[in-house]
Amino acid sequence: MKDDVQWNLIACGRSGDAFTRFHLFIMLFLLVSAIGSFRVFAAEDLSYHTYDTMLSELRRLDKAHSKTGKLHDLGVSSDGRTRVWAFKISDNVEKEEDEPNVLLTGGVHGNEPVASEMALFTIQRLLSEDSHRTLIDKTQIWVIPILNPAGHAANNSHCNANRVDLNRNFPADWTNDNLDGIEIEIQNLVKNFHLRHDHVVAGIDLHTYGQAYLLPWAYTHKKPADWDAMKGLADRMAKTSGYRVLQLTEYLGRTVPRGGADYQYGRYGTFCYGLELGTSHAPPAGQLGHICRKNLPGIMIMMNRVHTSTLTGHVTRNGKPAAAVVDVDGIDKPANLRTPYMSDATFGRYYRILLPGTYRVRFTLEGKKMVKKNVIIVDNRQTVLDIEFP
Ligand SMILES: [Zn+2]
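Residues numbered from 1 in each chain as written. Predicted model: local features only at pLDDT ≥ 70, side-chain atom pairs only at ≥ 80, totals over all residues.

Q: Can you tell me about the overall build of the protein chain, naming the residues and giving the values?
A: Secondary structure assignment for the protein chain yields eleven helices and 16 strands. For the protein chain, the proportion of its 390 residues judged to be buried stands at 40%. Excluding contacts between residues fewer than 6 apart, the proportion of contacts in the protein chain whose partners are at least 24 apart in sequence is 74%. (Helix = DSSP H or I, 4+ residues; strand = E, 2+ residues; numbered from the N terminus. Buried ≥ 20, exposed ≤ 12 C-beta atoms within 10 Å, placed from the backbone. Contact = placed C-beta atoms within 7 Å.)

This is the structure we're talking about:
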């Protein structure tokens, strides 16, 4: 069709017939306009938010979905004005339930606004599409669209108001929760989110750009203890978008200390990934819809992962919830780089995301009482194993 039009135009030009030339010019003009306006209509359905318009939209969603969505204030940022906001999506959203948490963060780098738009898009889809209902009923989903609001508000600055790269500012020592010398945004994130919610089992930290899923570690070239299951999930997510899967050190070409994904996995055992969206930091708004729609399926796989091929259960002592170390033979070793994985004191709940197979699991209470069990993990559901210490 295109060739025909071009050929006709050329022929028309050679003919020297003014009427025909004009006629074809108008037809071509109308055709190009029609294609152009269709493209604009199809692609420009999303637009960039400022800090203020993002906050208005989060407040609107909180009001419109009062049973399943709740906006939480995590505290002020380094500019003294803007704040870090977390949006929770779950049934019984007002309560902290005995359910796994998942976390999606965006905008730790203020010059990567696509990451914040992807986070907001995910909230909107979760709340508006019935297909996510089962996930919402049995999961506590947390989304922090702008982790560095000072950078986002100050005309797209990579760093916060103190010129600190927040993704190089997480605690380096995972054996305690000392926050001395840490920027206010990360202090608030740790105090008001991480230390208040047990079992953030999986997460994605959104960035631009590079079209890649990135796995810990960033601070060392060594592989994480859970590498096989972590890589398995990354491969499944990446398959939906055609993105690459790499370890952070491989992607960065060097080791980098105190990153957010390392902190989440190292301190809490969260299967946390970096996701580098798209091919530029701030593509035209017309490309936002395409990027968000392309990457939502991978994010949903992450959020649903804990409900399949996972060992879970409660640890109790004398019928009361007990915090015990949960080690899996062949994965957890004495020289593990992350802190030991534990059941929580509130419910006694634990989760271990594993590949299908047979495992020997060891539960240790207060460093002395020990129970060992064999378990079979299958692909399409959780394996439940409750442990009762006398
Ligand atoms: Zn980034």
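So much for the structure itself; the text now carries on.
Q: Pulling in residues and values, what's your account of the sheet that holds strand 6 (residues 212-215)?
A: Read across the sheet, eight strands follow the order 1-2-4-3-5-8-6-7 without closing on themselves; strand pairing throughout is mixed. Two strands bound the open sheet, and with one partner strand each, they are strand 1 (69-76) and strand 7 (244-247). For this sheet, the mean angle separating the axes of adjacent strands, direction not counted, is 20°. Note that strand 6 and strand 8 (residues 271-277) share three bridges and pair antiparallel. Bridge pairing in strand 8 places Tyr213 opposite Leu275. (Pairing = 2+ DSSP bridges. Axes fitted to C-alpha atoms, helices over the stretch in contact; angles between N-to-C directions.)

Q: Which residues make up the environment of His199, and what are the values?
A: Inspection of the secondary structure puts His199 in the loop between helix 7 (184-192) and strand 5 (200-208). In contact with His199, not counting residues within four places along its chain, are Pro100, Asn101, Asp344, Arg349 and Tyr351.

Q: If you had to explain helix 11 (residues 288-304) to someone new, which residues and values would you point to?
A: For helix 11, with 17 residues, the first-to-last C-alpha span of 24 Å sits near the 24 Å given by 1.5 Å per residue. The sharpest bend along helix 11 measures roughly 35° and falls at Leu296, with the proline Pro297 sitting one to four residues further on. Among all positions in helix 11, only Leu288, Ile291, Cys292, Asn295, Gly298, Ile299, Met302 and Met303 are buried. (Expected span 1.5 Å × (residues − 1). Bend = angle between axes of the 7 residues up to and from the residue.)

Q: Pulling in residues and values, what's your account of the nonpolar core?
A: Val102, Met118, Tyr213, Ala234 and Tyr273 are the most contacted members of the largest nonpolar core, which totals 86 residues. Residue contributions to this core peak at eight residues, all from helix 4 (residues 113-128). In this structure, this core is formed jointly by two domains, domain 2 (51-307) and domain 3 (310-389), each of which donates at least three residues. When neighbours within four sequence positions are excluded, Val102 is seen to be in contact with Thr139, Ile141, Trp142, Val200, Val201, Ala202, Gly203, Met302 and Met303. (Core = buried A, V, L, I, M, F, W, Y, C linked by C-beta atoms within 7 Å. Domains from an automatic or database assignment.)

Q: Would you mind going over the packing of helix 3 (residues 51-64) against helix 4 in detail, with residue names and values included?
A: Here helix 3 crosses helix 4 at 15°, and the two axes come no closer than 12 Å. In terms of orientation, helix 3 and helix 4 fall into the roughly parallel class. Both helix 3 and helix 4 take part in a crossing whose hand is left-handed. In this structure, helix 3 uses Met54, Glu57 and Leu61 to contact helix 4, whose residues at the interface are Ser116, Leu120, Ile123 and Leu127. (Parallel < 35°, antiparallel > 145°, perpendicular 65-115°, else oblique. Left-handed = near helix turned anticlockwise from the far one by under 90°.)

Q: Break down helix 8 (residues 227-239) for me, with residues and values.
A: The periodicity of an α-helix, 3.6 residues per turn, causes residues three or four positions apart to be oriented the same way. Here helix 8 contains 13 residues, and its C-alpha end-to-end distance of 18 Å stays within 8% of the 18 Å for a straight helix at 1.5 Å per residue. Considered for burial, the residues of helix 8 that qualify are Ala229, Met230, Leu233, Ala234, Met237 and Ala238. In an axial view of helix 8, the angular spread of the buried residues amounts to 170°, which keeps them on one side of the axis. Buried-residue contacts for helix 8 involve strand 6, strand 7, strand 8, helix 11 and strand 12 (349-353). (Arc of directions from axis to C-beta.)

Q: Tell me about the pairing of strand 14 (residues 369-377), and please be specific about residues and values.
A: Relative to strand 14, strand 13 (residues 357-365) runs antiparallel, the two being bridged by nine bridges. Paired with Phe363 across the strands is Val371, a residue of strand 14. Here strand 13 folds back onto strand 14 in antiparallel fashion, the turn holding three residues, of which Glu366 has a positive phi close to 50°.

Q: I'd like a rundown of the packing of helix 4 against helix 11, residues and numbers included.
A: It is the contact of helix 4 with helix 11, at a shortest axis distance of 10 Å, that shows an interaxial angle of 65°. The two elements helix 4 and helix 11 cross, and the hand of that crossing is right-handed. On helix 11, the residues touching Val114, Glu117, Met118, Phe121, Thr122 and Arg125 of helix 4 are Leu288, Ile291, Cys292, Asn295, Leu296 and Ile299. For the contact of helix 4 with helix 11, a count of residues per class yields eight nonpolar, two polar and two charged. (Nonpolar A, V, L, I, M, F, W, Y, C, P; charged D, E, K, R; others polar.)

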